[in-house]
Amino acid sequence: MPPFKQVETSNTLNYEHLRRHTAIEKGRANALDLLVKGNPLQEVLSQLIFSLEDATEGLMCGILLVNENKLSLSPIVAPNLPDEYIEALNNFPVGPTAGCCGAAVYHQKPIYTDNILEHPNWQEFKTEARLSGIKSCWSYPIVLPDGEVYGTFAMYFTDAKLPDQDDLDSLQYEAKIISIILERAKNINQLKEANANLEKRVADRTKELTEANMLLKKALDQRNDVQSQLVEMENMAALGTMMSSLTHEINTPIGVAITAISHLQSLQQNSANVFNRGEMKKSDLARFFSECNESCDIVERNLIRSTQLIKTFKQLSIDQHSQDARSINICGYVDEILLSLKPRLKRAKHKFCLDIDPELAVMSNPGAISQLLINLILNSAQHGFGENTVGQIFIRSRLVEDPIYGTALEFIYRDNGRGMSENTLENIYKPFFTKARNSGGSGLGMHICYNLVVKVLNGQIDCHSKLGKGVEFRIIFPVNTL
């Protein structure tokens, strides 16, 4: 009898690379939101499954929990599996050759079968599987932090297929999320009773646990309020930086214009004195006209420059507080962003290299793009480069055809700074995570970047870095071309 296929997996994984990462994160967020609101446990767990099934063709998922006798499993959630197959899963045996789910609980390892209809360990369930259109099954045990096995998370497919490492990591990630939701219930009998609905369980809980849940929800609400306020403060700080830059940049052309006007006034006064004395010559008059023309040209050029600067900063300020899409020239817009940061970076004198087609123009959200690049650049300046270090920042942008987003805009952002450790990489997008709290870091910069890319621009952001090797971000999001 051929053995089941068992896979060793790492206990410490960075799940952001997963193909299904966005779907799993969406399901996790929806599930935790329902959990806080007190919805039934079946609805909470179903949210995890719905997001995953929507992202994978031909997938049906189920969550089975260990029965009180420890010798069998029963389904608690399987929203899209046929009723006949769910009935067959009731009191599913736990053992080394018991399908995939029973074997996964027995071995406490992921188990998968690529072709149920040809595997001898599925002999008793082949008929139900065939009638349900199920051909392969991958199962991962649900283990709580105390080491107790609570059940298994199973993925069923309508075609025969083998999982790759990305699939196995997705299984592990989903099983961990499920274990977090189930962790509070330490008694298997309570979990079985929760199969009906979570509201009945909450009603049966003690007053102390109810108050604890209310305090937890209040604390989460307060934390979200504080986080929103801090994010708005970060945005206002960026706007303040632009206003400071406006003052700095406009001072130069206006100062030159004032000097030219003062020279013009002096020239006019001297010429008037010569004329009043009757000493005016033709050459004096010609020189007067020439210098007047030159001074007027200087005044006009510098006032035009001042007007352009005001328009630039006005548009950036509007973009910072607008979610509307508009036509933008990427190269020109990046130049304007760098200009707005000039006062913040003038002491460091970091070098920028732009690789962007001057004709590249798209319809997108300029406010999100400007906030994203401002946060990345300031993050490099504050965290990536040491004091008195002249850093190098490279920004490339291209239109690409992506299998997920279709026509998309890709940004490659790279610096040659000190880089990041694995721990920093794993936590980089978490709110309030920072290595520079003593120097004024809020821990919100990269969290804002992640939300801008994923929630506003509907794209994705990936980070690669090693200590001493700088950092590279790849950002991609869908756009409309002009």
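Residues numbered from 1 in each chain as written. Predicted model: local features only at pLDDT ≥ 70, side-chain atom pairs only at ≥ 80, totals over all residues. Heavy atoms only, no water.

## Let's talk about helix 15 (residues 445-456)
Here comes step 1: Between the first and last C-alpha of helix 15 there are 15 Å, a value that for 12 residues agrees with the 16 Å anticipated at 1.5 Å per step.
Here comes step 2: Those residues of helix 15 that fall on the buried side of the exposure criterion are Gly445, Met446, His447, Ile448, Cys449, Leu452 and Val453. (Helix = DSSP H or I, 4+ residues; strand = E, 2+ residues; numbered from the N terminus. Expected span 1.5 Å × (residues − 1). Buried < 20%, exposed > 50% of the residue type's maximum accessible area, 1.4 Å probe, protein only.)

## Some words on the packing of helix 2 (residues 41-54) against helix 6 (residues 165-182)
Here comes step 1: It is the contact of helix 2 with helix 6, at a shortest axis distance of 11 Å, that shows an interaxial angle of 165°. Considered as vectors, helix 2 and helix 6 are oriented roughly antiparallel to each other. Regarding helix 2 and helix 6, the two cross each other, and that crossing is right-handed. Contact with helix 2, carried on its side by Leu41, Val44, Leu45, Leu48, Ile49 and Leu52, involves Glu174, Ile177, Ile178, Ile181 and Leu182 of helix 6 and no other residues of that element.
Here comes step 2: Split by residue class, the contact of helix 2 with helix 6 holds 10 nonpolar, no polar and one charged. (Axes fitted to C-alpha atoms, helices over the stretch in contact; angles between N-to-C directions. Parallel < 35°, antiparallel > 145°, perpendicular 65-115°, else oblique. Left-handed = near helix turned anticlockwise from the far one by under 90°. Contact = heavy atoms within 4.5 Å. Nonpolar A, V, L, I, M, F, W, Y, C, P; charged D, E, K, R; others polar.)

## Observations concerning the nonpolar core
Here comes step 1: Counting 43 residues, the largest nonpolar core has Ile330, Phe411, Phe473 and Ile475 as its most contacted members.
Here comes step 2: Taken together, the elements giving at least two residues each to this core come down to helix 11 (330-340), helix 13 (366-384), strand 11 (392-402), strand 12 (406-415), helix 15, strand 13 (460-465) and strand 14 (471-478).
Here comes step 3: Excluding residues that lie within four positions of it along the chain, Phe411 makes contacts with Ile330, Val334, Ile369, Leu373, Ile395, Arg396, Ser397, Phe473, Arg474, Ile475 and Phe477. (Core = buried A, V, L, I, M, F, W, Y, C linked by side-chain atoms within 4.5 Å.)

## Remarks on the confidence of the model for the protein chain
Here comes step 1: Here the protein chain averages 78 in pLDDT, and 77% of its residues register 70 or above.
Here comes step 2: Low confidence marks residues 1-12, where pLDDT is under 50. Its contacts with residues over four positions away, or in another chain, come to 38 contacts. (pLDDT = per-residue confidence, 0-100.)

## Thoughts on a nonpolar patch on the surface
Here comes step 1: A contiguous nonpolar patch, built from Val36, Leu216 and Leu220 and spanning about 190 Å² of accessible area, is present on the exposed surface.
Here comes step 2: Mapped onto the secondary structure, Val36 falls in helix 1 (residues 21-37). (Patch = residues over 30% accessible without salt bridge, like charges linked within 9 Å, V, L, I, M, F, W, Y side chains within 5 Å. Areas by Shrake-Rupley, 256 points an atom, 1.4 Å probe, with all protein chains shown as cover. Salt bridge = Lys/Arg side-chain N within 4 Å of Asp/Glu carboxyl O.)

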